Amino acid sequence: MAGGARGRRFAAAAAGVAAAVLGVGLGELAATLMWPDASPVAVIGSALIDAAPSWAKDTAITLFGTNDKLALIIGIGIVLVGLAVIAGLVELRWPPFGVAAMILFGGVGAVAAVTRVNAGALDWVPSVVAGAGAALALALLIARVPGRLKVAPIPMTERATEPEPDPAEQPTALQRRTFLLWTVGTMAVGVLAAVGSSLARAGVHAVTAVRDALKLPAPAVPAPPVPAAAELDIPGLAPVVTPNAQFYRIDTALLVPQVDPAGWTLRIHGMVTTEVTITWEELLALPLQESYTTLSCVSNEVGGDLIGNALWLGYPIRDLLARAAPTAEADMVLSHSIDGFTASSPLEALTDARNAILAVAMNGEPLPPEHGFPVRMVVPGLYGYVSATKWVTELEVTRFDLGTAYWTTRGWSARGPIKLQSRIDVPRKAQGLKAGETVIAGVAWQPTVGIAAVEVQIDDEPWLPATLATAISDDTWVQWMLPWTATAGDHVIRSRATSKTGEVQTEKRTRTDPDGASGWPERFVEVF
Ligand SMILES: Nc1nc2c(c(=O)[nH]1)N[C@H]1C(S)=C(S)[C@@H](COP(=O)(O)O)O[C@H]1N2
Ligand SMILES: [Mo]
């Protein structure tokens, strides 16, 4: 049987996969030599991200959290292997349609590449290289499938099973060895090209080197030190300042944009009296201010961890906007990222007294590349998707009824003030708990408003006031705790915050879309 139809089909499938691996490898190599952003896998992934509806974003975040991008790449890989197997089988049976399919896949990548925001004129090249390489490899490999009939291809219309070749034409050991050698060789070249290019990219990360060598100016207005009483230091409770390495990351960028500060500018335009452009040098020469601000994602579920608090260094956006002098009818600033992402912030939020800044540093170091190096926006009180534009390059002053931001076109609200929320950190989920003295603790936030109180309810007993830590400021979350004598059995713990304006965190559960989740967090614990 191995030499028969099934053996040939298996060989053809392997040929398809080997050809695809070679194509992807060559495409990645071409992209590395030209422009990493034009990588065929990256452009297709980015196109999928941009095309994905809002429920898909939330599902991906729920399933994979901050690993959503890795999951996407693995998903693309699985689909690609499937398509490659089909292309191989098709080429065996109905040449040259399998080869044509490979060229088509390259074409899809090329279209995805040139339709991207900021696409370069030659961005289609890596995808075409990938498609052409895979097509050529497939033709060569299929021609070497052991025992393949050297007769005219079977017409598409003919459904009859492929005739068995004459026993005299059964594949020889030499034919098998040749095919194996070609297939393994093709795959090896593809893998080498892919691995080589990713190593080369890691080595040539000029921007990382630039970032490492940066000396940021001292703040003209330093943040007051964090009060000692802001950190309750309870094991399992989120630290009041989130280290950069632990800070959540959410964005649509499959490859972290590599922005060289030397070439960075920010252009303020649109409904302004004077257009303003500022360079990196000019920005750093301005008196920079430090502020602690808690950033939260609109996709954060009740109890979720898409939230963090950091010390930011930057320049007030209000002072830059003042130079441009927005006209009277403007009510929104559409900030643009180098990667095409946009966010719609109310003009008001960028010009009132809050610390809305163009940030250059996070917790005392230049912004990490994945958090927006060299410059991002940080605006207290607004969800990230309407304010925290990373790799920001443009502030377009406009109106809500004229401009639409990235997530607004995908079903999310145009405005996104952060909702009053609290979270229970300890006891942790499914933590075995012994009866006796323990502690319940968490965080609560409503940036720009501030937290006045947190209450905790155990089972259906009356609400108990928790002890609040000292808040760093009204723009940050605040830790809270409540001692608890745990009794054996199953318990449910709930929390609710009260803001400084007297609002009580609503019990009403809502989904994250279109403008952020609400409801009381609940923690179920089993005490032994
Ligand atoms: N360029 C760009 N900026 C972006 C985004 C993005 O997709 N692209 N996502 C926003 C969203 S939805 C959030 S919640 C914050 C997250 O910032 P972080 O990754 O630094 O935590 O960045 C915002 N800025
Ligand atoms: Mo977000």
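Since the model is a prediction, treat every value here as computed from it, not as a measurement.

## Description of the overall build of the protein chain
Working step 1: Counting secondary structure elements, the protein chain contains 11 helices and 18 strands.
Working step 2: Overall size of the protein chain, expressed as C-alpha extent along the three principal axes, is 90 × 65 × 45 Å.
Working step 3: Counting over 528 residues, the protein chain shows a buried share of 49%.
Working step 4: About 23700 Å² of surface is accessible on the protein chain, with carbon and sulfur atoms providing 64% of the total.

## Quick look at the domain arrangement of the protein chain
Working step 1: Each assigned domain of the protein chain is listed here: domain 1 (2-204), domain 2 (228-410) and domain 3 (421-527).
Working step 2: Placing a centre on the C-alpha atoms of domain 1 and another on those of domain 2 gives a separation of 40 Å.
Working step 3: In this complex, domain 1 contributes 20 residues to the contact, which on the side of domain 2 involves 17 residues.
Working step 4: In this structure, the connection of domain 1 to domain 2 is made through 1 salt bridge.
Working step 5: We note a salt bridge from Asp 251 to Lys 69, for which the minimum N-O separation is 3.3 Å.
Working step 6: Where domain 1 meets domain 2, there are 3 residue pairs in polar contact (both at pLDDT 80 or more).
Working step 7: Elements with a minimum of two residues in the side of domain 1 that touches domain 2: α2 (40-51), α3 (54-64) and α4 (68-93).
Working step 8: Examining the composition of the side of domain 1 that touches domain 2, we find that 6 residues originate from one element, α2, more than from any other.
Working step 9: Its residues assigned to classes, the side of domain 1 that touches domain 2 comprises 9 nonpolar, 6 polar and 5 charged.

## Some thoughts on the sheet that holds strand β12 (residues 436-445)
Working step 1: Reading across the sheet, the 4 strands line up as β11-β12-β16-β15 and stay open at both edges, with antiparallel pairing between neighbours. On the outer flanks of this sheet lie β11 (421-426) and β15 (467-468), each paired with one strand and no other.
Working step 2: Taken together, the 5 bridges between β11 and β12 define a ladder with antiparallel strand orientation. Each residue of the ladder has a partner; that of Arg 423, found in β12, is Val 443.

## Overview of the pattern of salt bridges
Working step 1: In total, this model carries 17 salt bridges according to the counting rule given.
Working step 2: Lys 500 serves as the salt-bridge partner of Asp 474, at 2.7 Å between the closest nitrogen and oxygen. Of this pair, Asp 474 sits in the loop between β15 and β16 (478-486) while Lys 500 sits in the loop between β17 (489-499) and β18 (522-527); the two residues are 26 residues apart in sequence, bridging distant segments of the chain.
Working step 3: What makes Asp 474 partly exposed here is its relative accessible area of 28%.
Working step 4: A salt bridge links Arg 511 to Asp 513; the shortest N-O distance between them is 2.8 Å.
Working step 5: Look at the salt bridges and you will find they share partners, linking Asp 68, Lys 69, Arg 249, Asp 251 and Lys 390 into a network.

## Remarks on the UniProt feature "transmembrane region" (unreviewed entry) in the protein chain
Working step 1: Here, the residues flagged by UniProt with the feature "transmembrane region" (unreviewed entry) are residues 70-90, 97-118, 124-143 and 179-200.
Working step 2: Measuring from the first to the last C-alpha atom of residues 70-90 gives 30 Å, for a span that is 100% helix and 0% strand.
Working step 3: Note that residues 97-118 is 82% helix and 0% strand, and that its end C-alpha atoms are spaced 34 Å apart.

## Quick word on unusual backbone geometry
Excluding glycine, most residues fall at negative phi; most peptide bonds, likewise, are trans.
Working step 1: A cis amide bond links Val 426 to the next residue, Pro 427, at an omega of 0°.
Working step 2: On the secondary structure map, Pro 427 appears in the loop between β11 and β12.
Working step 3: The step from Asp 513 to Pro 514 runs through a cis peptide bond, and the omega angle for that step is 10°.
Working step 4: Within the secondary structure, Pro 514 is located in the loop between β17 and β18.
Working step 5: Residues other than glycine seldom take positive phi values, yet Thr 448 does so here, at roughly 80°.
Working step 6: Looking at the element boundaries, Thr 448 is found in the loop between β12 and β13 (451-458).
Working step 7: A positive phi is found at Asp 459, a non-glycine position, where the angle reads about 55°.
Working step 8: Along the chain, Asp 459 falls in the loop between β13 and β14 (464-465).

## Some thoughts on a nonpolar patch on the surface
Working step 1: A contiguous nonpolar surface patch, about 740 Å² in accessible area, is contributed by Leu 29, Leu 33, Met 34, Trp 35, Val 114, Leu 122, Trp 124 and Val 128.
Working step 2: The greatest single-element share of the nonpolar patch, amounting to 3 residues, is contributed by helix α1 (residues 5-34).
Working step 3: Turning to its location among the elements, Trp 35 is positioned in the loop between α1 and α2.
Working step 4: Trp 35 sits in the partly exposed class, given a relative accessible area of 38%.

## Here we look at the nonpolar core
Working step 1: Of all hydrophobic cores here, the largest spans 83 residues; its most connected members are Leu 266, Ile 268, Leu 283, Trp 312, Leu 358 and Val 360.
Working step 2: Counting contributing residues, this core receives three or more from each of domain 2 (228-410) and domain 3 (421-527).
Working step 3: Not counting residues up to four positions away in its chain, the partners in contact with Ile 268 are Glu 275, Val 276, Leu 320, Leu 321, Ala 324, Leu 395 and Val 397.

Thresholds, definitions, all that
- Residues numbered from 1 in each chain as written.
- Chains lettered and ligands numbered in written order.
- Predicted model: local features only at pLDDT ≥ 70, side-chain atom pairs only at ≥ 80, totals over all residues.
- Heavy atoms only, no water.
- Helix = DSSP H or I, 4+ residues; strand = E, 2+ residues; numbered from the N terminus.
- Buried < 20%, exposed > 50% of the residue type's maximum accessible area, 1.4 Å probe, protein only.
- Areas by Shrake-Rupley, 256 points an atom, 1.4 Å probe, with all protein chains shown as cover.
- Domains from an automatic or database assignment.
- Contact = heavy atoms within 4.5 Å.
- Salt bridge = Lys/Arg side-chain N within 4 Å of Asp/Glu carboxyl O.
- Polar contact = N/O pair within 3.5 Å; in protein donor to acceptor, adjacent residues only side chain to side chain.
- Nonpolar A, V, L, I, M, F, W, Y, C, P; charged D, E, K, R; others polar.
- Pairing = 2+ DSSP bridges.
- UniProt positions renumbered as here; feature names shortened; annotations may be inferred.
- Patch = residues over 30% accessible without salt bridge, like charges linked within 9 Å, V, L, I, M, F, W, Y side chains within 5 Å.
- Core = buried A, V, L, I, M, F, W, Y, C linked by side-chain atoms within 4.5 Å.

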